[in-house]
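# Observations on the three-dimensional arrangement
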Amino acid sequence: MKMNLLGAALIGGLLGSSSVQAETTLFSEDFSTNPTTNGKWTVVQSDVPNTLHDATSQSFYMTRVGGYTGGGIYMMANTPLKTRKWEASFRYRIGGRFQGGADGLAFMFYKKGGYKPAGGGFLGFNPAYANQPGYGVIIDNYLNASWDPSASFIGLIKDNTHTFSGKLAYVNDSRTEDAVWHTMRVRFVDGEVSVHLDGGLLFTHKLTAPDYSYDGVGFSAGIGADQNYHQIDDFVLTDLELPAPPAWSSTGRMNLEHGFHTATRLSGGKVLVVGGFNSAAEVYDPATGAWSFTGPASTSRLLPTATALKDGRVLLTGGENDARSLESAELYDPATGSWSPTASLSIGRKDHTATPLSDGRVLVTGGYSERSGTLSSAEVYDPATGTWKPVGFMNQARSQHKAVSLSGGKVLVMGGLDASGLPLASAEVYDPATGAWTRTGSLGTGRRYHSATALKNGQVLVAGGYDANAATLASAELYNPATGTWSSTAQLGKSRRYHTATLLNDGKVLLAGGYSDWYGLLASAELYDPATGTFADTASLGLVRYDHTSTLLEDGRVLTVGGFSTGDQASAELFGPASR
């Protein structure tokens, strides 16, 4: 089909999210605003543009009938089409003077953009009578016997409209210039193109070795001798690619085995592992997947706490050494890779918690001391002065408990073990503004060695642990700070304690590993979805693990390391989307 006068081309700007999700809308345009000026399209105008945005019908005339001798527009994609499973839908209407010149409309994909129409657009593919790579579905309403099969056909073209060989598939159809709105749907799945019109299938064609080197998508139109208008509306591009299921993969092995240790994400994205049965410290680099030794801590510590400070340093507190709870604390400086002592805790603690406050200080609560037993005391560390300050006593002495920051800056402490060795159901809230402790609603079940995770909706998820009968729990509960109450949520797929629970970027919680009375050491993992209040199985760890650590990386993956296992206890694994 020769476009001997004006060719106007419109390449769709994909400004939507490029992340891969099932049935995700990548881009949509309802033409309620002018596409030549609304910022969703990159526009190149020829000398005499002949387009029109119809604000009344909220549609767009790619070409209009009459009154010009040349010109056109070309709009190029602002964001490339990366997925290889997609669907495009749009409405079109073609009408006017009929069959007096070279007229047609094309939806184009995997198309190179950037050409300025001049003396003919060839449906956007061949403005200079040269092959311009790409594919398109053409709605053709003019017969040129040298390369068109009929005067009214819809076809799939490649590179060059001016050859029969460039038409990969076609059907004769009268809905090419009847001045009626029609709905077209073009579906592309793994190289197979199917074209539907007004709900019916026109044809399907399997491309041979599709060329993905270009990634533009959009429309073009052309007319000859002022014959037809080409009007479009309601363009939607949808990603059909199913998300790759998440999976675990091995990453670099630590230099030493670590258990009863800590793992802390540093500013810059690396992860510091320290604590356990030796004083060695190692740093993981997600960019290379490699571990390297850094400066050792002053002493070995079982079950210490490690807290990232706002200035980038890491505060390491307490823990156990040689069957004695430690009062000492020290600071790690990533800039120098070295440790330095800081003020000691008021009392030795193990099985305690350390929670960063919104003002940069760190709240340490409870734990166990050989000198005083199970502790109710709490103290706050101020990085600015390097000193500790007591902040009263919790209403309940507890160790092996959990503490999480709430939205608004308060801290929720729940569960754990009391002085008599029984699991606690009680919970309380610390207010940094007043330094006061206040009782809040109790858990439905007393538990220790559970997990506690602050959700993005402000609630707190508590899962698993040990109960008063020394049975591992599969139950889970939600805390609502607005009401100060707990409510049951779905059961875990497997009972577990000594597991990890990591809040993911999408708001779900990954629970991994641990120990179960029924199954023993666990490699299984599951995801909690706050939107549905349910747990679902996900890919299992490569090794059974308990008392390991899991750390969310800056790129959204989860690094799980060490712990106790029947396998390599120096190994590390990454959880994240599988490669497509």
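Whatever comes next refers back to the structure up there.
### Here's the deal with the overall build of the chain
A tally of regular secondary structure across the chain gives 0 helices and 50 strands. Residues classed as buried in the chain amount to 56% of the 580 residues present. Across the chain, every contact between residues at least 6 apart in sequence was considered, and the portion connecting residues at least 24 apart equals 57%. Summed over its atoms, the accessible surface of the chain is roughly 22400 Å², and 50% of this surface lies on carbon and sulfur atoms.

### Some details on the environment of A482
Relative to the assigned elements, A482 resides in the loop between β40 (476–480) and β41 (485–489). Remark: the alpha-carbon pair of A482 and G458, spanning 24 residues in sequence, is separated by 9.0 Å.

### Focus: the sheet that holds strand β17 (residues 246–251)
Strand order in the open sheet made by the 4 strands is β17-β50-β49-β48, with antiparallel pairing throughout. At either end of the open sheet lies a strand with only one pairing partner, and these are β17 and β48 (549–552). Between one strand axis and the next, the sheet turns through 25 degrees on average, direction left out of account. The pairing of β48 with strand β49 (residues 558–561) spans 4 bridges and is classified as antiparallel. Residue pairing across strands places L552 opposite V558, the latter belonging to β49.

### Quick look at the packing of aromatic side chains
Taken as a whole and judged by the stated rule, the model has 35 aromatic pairs. Relative to F564, the ring of Y546 has its centre 5.5 Å away and its plane inclined at 40 degrees; by these criteria the two rings are tilted. Residue Y546 is found in the loop between β47 (534–538) and β48, and its partner F564 is found in the loop between β49 and β50 (572–577); the two are separated by 18 residues along the sequence. Of the residues examined, Y546 reaches a relative accessible area of 23% and is grouped as partly exposed. In this structure F564 comes out as buried when scored by relative accessible area, which is 17%. Within the aromatic cluster, the residues linked to one another by ring pairs are F27, W86, F90, F107, F109, Y110, Y135, F188, Y212, F219 and F235. Taking NZ or CZ as reference, K40 lies 5.1 Å from the ring centre of F27, over its face. Taking NZ or CZ as reference, R84 lies 3.6 Å from the ring centre of Y212, over its face.

### Topic: the pairing of β48
Alternating positions in β48 separate into two faces, T549 and T551 on one and S550 and L552 on the other, with burial throughout. Counted along the chain from β48 to the antiparallel partner β49, the turn is 5 residues long, and its residue G556 has a positive phi close to 95 degrees.

### Some remarks on the pattern of salt bridges
Across all of its chains, the model carries 23 salt bridges by this definition. Residue R545 is joined to E573 by a salt bridge in which the shortest nitrogen-to-oxygen separation is 3.1 Å. Residue R545 is found in the loop between β47 and β48, and its partner E573 is found in strand β50; the two are separated by 28 residues along the sequence. In terms of burial, R545 and E573 fall into one category: buried.

### A look at the sheet that holds strand β26 (residues 329–333)
Where strands meet in a sheet, backbone hydrogen bonds hold them as pairs that are either parallel or antiparallel. Across the sheet, which stays open at both edges, the 4 strands sit in the order β22-β23-β26-β27 with antiparallel pairing between neighbours. Because the sheet does not close on itself, it has two edges, and the strands there are β22 (305–308) and β27 (338–342). Neighbour-to-neighbour, the strand axes of the sheet open up by a mean angle of 25 degrees, direction not taken into account. The pairing of β22 with strand β23 (residues 314–317) spans 4 bridges and is antiparallel. Bridge pairing links A306 to L316 in β23.

### Quick word on the pairing of strand β8 (residues 104–111)
The element β8 is largely enclosed, with a buried count of 8 among its 8 residues. The pairing of β8 with strand β9 (residues 135–140) spans 6 bridges and is antiparallel. Bridge pairing in β9 links A106 to I138.

### Remarks on the environment of S516
By the element assignment, S516 lies in strand β44 (residues 515–516). Reaching out from S516, the side chain makes a polar contact with the backbone nitrogen of W518 at a distance of 3.3 Å.

### Observations regarding the nonpolar core
One finds W86, Y92, F107, F109, M184 and F235 to be the most contacted residues of the largest nonpolar core, which totals 37 residues. Tallying contributions element by element places strand β7 (residues 85–96) first for this core, with 5 residues. V404, A427, V429 and Y479 belong to the second largest nonpolar core, which has 12 residues in total.

### Description of the environment of D517
By secondary structure assignment, the location of D517 is in the loop between β44 and β45 (520–521). Along the sequence, D517 and L473 sit 44 residues apart, while their C-alpha atoms lie 9.0 Å from each other. The residues touching D517, leaving out its near neighbours within four places in the chain, are A470, A471, T472, S495 and R497. Separated by 2.7 Å, the side chain of D517 and the backbone nitrogen of T472 make a polar contact. Among the polar contacts listed, one links the side chain of D517 to the side chain of R497, at a separation of 3.1 Å.

Conventions we followed
Residues numbered from 1 in each chain as written. Predicted model: local features only at pLDDT ≥ 70, side-chain atom pairs only at ≥ 80, totals over all residues. Heavy atoms only, no water. Helix = DSSP H or I, 4+ residues; strand = E, 2+ residues; numbered from the N terminus. Buried < 20%, exposed > 50% of the residue type's maximum accessible area, 1.4 Å probe, protein only. Contact = heavy atoms within 4.5 Å. Areas by Shrake-Rupley, 256 points an atom, 1.4 Å probe, with all protein chains shown as cover. Pairing = 2+ DSSP bridges. Axes fitted to C-alpha atoms, helices over the stretch in contact; angles between N-to-C directions. Phe/Tyr/Trp six-rings, centres within 6.5 Å; stacked < 30°, edge-to-face > 60°. Lys NZ or Arg CZ within 6 Å of the ring centre and 35° of its normal. Salt bridge = Lys/Arg side-chain N within 4 Å of Asp/Glu carboxyl O. Polar contact = N/O pair within 3.5 Å; in protein donor to acceptor, adjacent residues only side chain to side chain. Core = buried A, V, L, I, M, F, W, Y, C linked by side-chain atoms within 4.5 Å.

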